[in-house]
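The primary structure of each chain is shown beneath.
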Amino acid sequence: MTADATSSSPLLQTPLHELHLELGARMVPFAGYAMPVQYPAGIITEHRQCRASAALFDVSHMGQLRLVGPDAAAALESLVPQDVLDLPVGKQRYAFFTNAAGGLLDDLMITRRADDLLLVVNAGCKDADTRHLVTEIGHRCQIVPMPDHALLALQGPKAVDALARINGGVAALTFMSGGHFALAGTDCFVTRSGYTGEDGFEISVPATHAIALARTLLAQPEVEAAGLGARDTLRLEAGLCLYGHDIDTATTPVEAGLTWAIQKVRRPGGARAGGYPGQDALGAQLTQGAATKRIGLTGLERTPVREGAPLVDGHGHPVGRVTSGTVGPTVGQPIAMGYVAANHAGIGSELFAEVRGKRVPMRITAMPFAPHRYFRG
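Remember, predicted model here, so these are calculated numbers, not experimental data.

Examining the pairing of strand 18 (residues 333–341)
Looking down a regular strand, the side chains alternate between one sheet face and the other.
Okay, step 1: Among the 9 residues of strand 18, 7 are classified as buried, and the element is accordingly described as predominantly covered.
Okay, step 2: In the sheet, strand 15 (residues 292–299) pairs with strand 18 via 7 bridges, with the strands oriented antiparallel. Of the residues in strand 18, the one forming a bridge with Ile295 is Gly338.
Okay, step 3: Relative to strand 18, strand 17 (residues 318–328) is paired through 8 bridges, and the arrangement is antiparallel. The residue bridging Thr326 from the neighbouring strand is Ile335, located in strand 18.

Pasting the structure below:
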């Protein structure tokens, strides 16, 4: 993970900071926060714990906001190309803010609740996202940041066993749905979602109760703590984008392969087509395609390929670059994501990544690298 906080500003701490230190975490700067990159067991062990059982991640550095008011859904649709108006109460949707060129300002999760819309945005973007919301739609609905809430992610095939022991009602949730549940003596909002490709939950909890809930979860036999390092290897195996690396303001959702997240009603020809920043650029790409494309890559040798490595064809001509790369602990080989010219993006094609002056052969592979195991009911 990239340590992207500047050393000149003091690092913020999540409500779980003291617990991380107690558990022996190695803390690093990330998005302005001191965050646990790993615990003594190490990244690979934490990764495998999540794939086999359940892992608890502190993601309280993320931004949580409420949009309140009868016009909130329509107002939000003026900033995202997603269908928010038709989102039922208790359902969640992946979305993104776009700019005038169709580039991605951030990606986020939207959940419709009985009295508001709950937004979860990326840590490094939350201040800019909040300003964007206030400036653009603050006259149409209330924008209410939630700095008094922490966010925990309990992920893995046995996450449901651990959480249902605390409140059996969570077992009825399916992927991308949520509800209010009493956990460890406080009201929490729980969604069945996450960033690992596994079944699991994200839990919004009052900051004052975060450590108590984390201790309750860690006391369950299935659960161990995991840090940002394992979160990164898990999401990469799942083929999921990391904002600021695989997607950014210069990347469009079509180039990024995220068109599945734009519902038909908001596409060209749909009943509520357009009406968001970048609608013309994005509409053209939705109908005609994009010149570049995000791809998955597996290494044909053992050499790991990291972010920033140039990609070339068999003649040495530049065709793109790597945006994320690791050795996947589950898949047991080097994996990467990157962007190439669309005419070089065929599944099964071979390219070369340039690593320290050496060309490393890689094959374009369908994603995810490790199968998704979401619980859909």
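Points about the packing of aromatic side chains
Aromatic ring pairs are described here by two measures, namely the spacing of the ring centres and the angle between the planes.
Okay, step 1: By the definition in use, this model includes 3 aromatic pairs.
Okay, step 2: Look at Tyr94 and Phe96: their rings are 5.9 Å apart centre to centre, the planes differ by 75°, and that puts the pair in the edge-to-face class.
Okay, step 3: Ring centres of Tyr94 and Trp260 lie 5.4 Å apart, and the angle between their planes is 20°; this geometry places the pair in the stacked category. Here Trp260 lies in the loop between helix 7 (228–237) and helix 8 (279–288) and Tyr94 lies in strand 6 (residues 92–98), a separation of 166 residues in the sequence.
Okay, step 4: Classification of Tyr94 by relative accessible area gives buried; the value is 14%.
Okay, step 5: Among the aromatic residues, those joined into a ring-pair cluster are Tyr94, Phe96 and Trp260.

Considering the sheet that holds strand 5 (residues 63–68)
Okay, step 1: One open sheet accounts for 5 strands, arranged 6-7-8-5-9; its pairing is antiparallel. In the strand order of this sheet, the two ends are held by strand 6 and strand 9 (142–145), each with one partner. Each strand axis lies, on average, 30° off the axis of its neighbour in the sheet, ignoring direction.
Okay, step 2: Examined bridge by bridge, strand 5 and strand 9 share 4 bridges and lie antiparallel to one another. Of the residues in strand 9, the one forming a bridge with Val68 is Gln142.

Concerning the sheet that holds strand 13 (residues 200–206)
Okay, step 1: Ordered in space as 11-12-13-10-4-14, the 6 strands form an open sheet in which the pairing is mixed. What marks the edges here is a single partner per strand, and that holds for strand 11 (178–183) and strand 14 (223–225). Neighbour to neighbour, the strand axes of the sheet diverge by 30° on average, direction disregarded.
Okay, step 2: As judged from the 4 bridges shared by strand 4 (residues 54–58) and strand 10 (residues 149–155), these two strands associate in the antiparallel manner. What sits directly across from Leu56, in strand 10, is Leu154.
Okay, step 3: On top of the sheet, helix 5 (residues 159–166) reaches strand 4, strand 10, strand 11, strand 12 (186–191), strand 13 and strand 14; it is set at about 40° to strand 13, its chief contact.
Okay, step 4: Contacts from helix 6 (residues 210–218) reach strand 4, strand 10, strand 11, strand 12, strand 13 and strand 14, with the element oriented near 10° to strand 10.

Structural notes on unusual backbone geometry
Okay, step 1: The step from Met367 to Pro368 runs through a cis peptide bond, and the omega angle for that step is 5°.
Okay, step 2: With phi around 50°, Ala31 is a residue other than glycine that occupies positive phi space.
Okay, step 3: Note on placement: Ala31 falls in the loop between strand 2 (26–30) and strand 3 (33–38).
Okay, step 4: For Ala31, a relative accessible area of 18% corresponds to the buried category.
Okay, step 5: For Met176, which is not glycine, the phi torsion reads 65° and is therefore positive.
Okay, step 6: Structurally, Met176 can be placed in the loop between helix 5 and strand 11.
Okay, step 7: The exposure class of Met176 is buried, given its relative accessible area of 16%.

What counts and how
Residues numbered from 1 in each chain as written. Predicted model: local features only at pLDDT ≥ 70, side-chain atom pairs only at ≥ 80, totals over all residues. Heavy atoms only, no water. Buried < 20%, exposed > 50% of the residue type's maximum accessible area, 1.4 Å probe, protein only. Helix = DSSP H or I, 4+ residues; strand = E, 2+ residues; numbered from the N terminus. Pairing = 2+ DSSP bridges. Phe/Tyr/Trp six-rings, centres within 6.5 Å; stacked < 30°, edge-to-face > 60°. Axes fitted to C-alpha atoms, helices over the stretch in contact; angles between N-to-C directions. Contact = heavy atoms within 4.5 Å.

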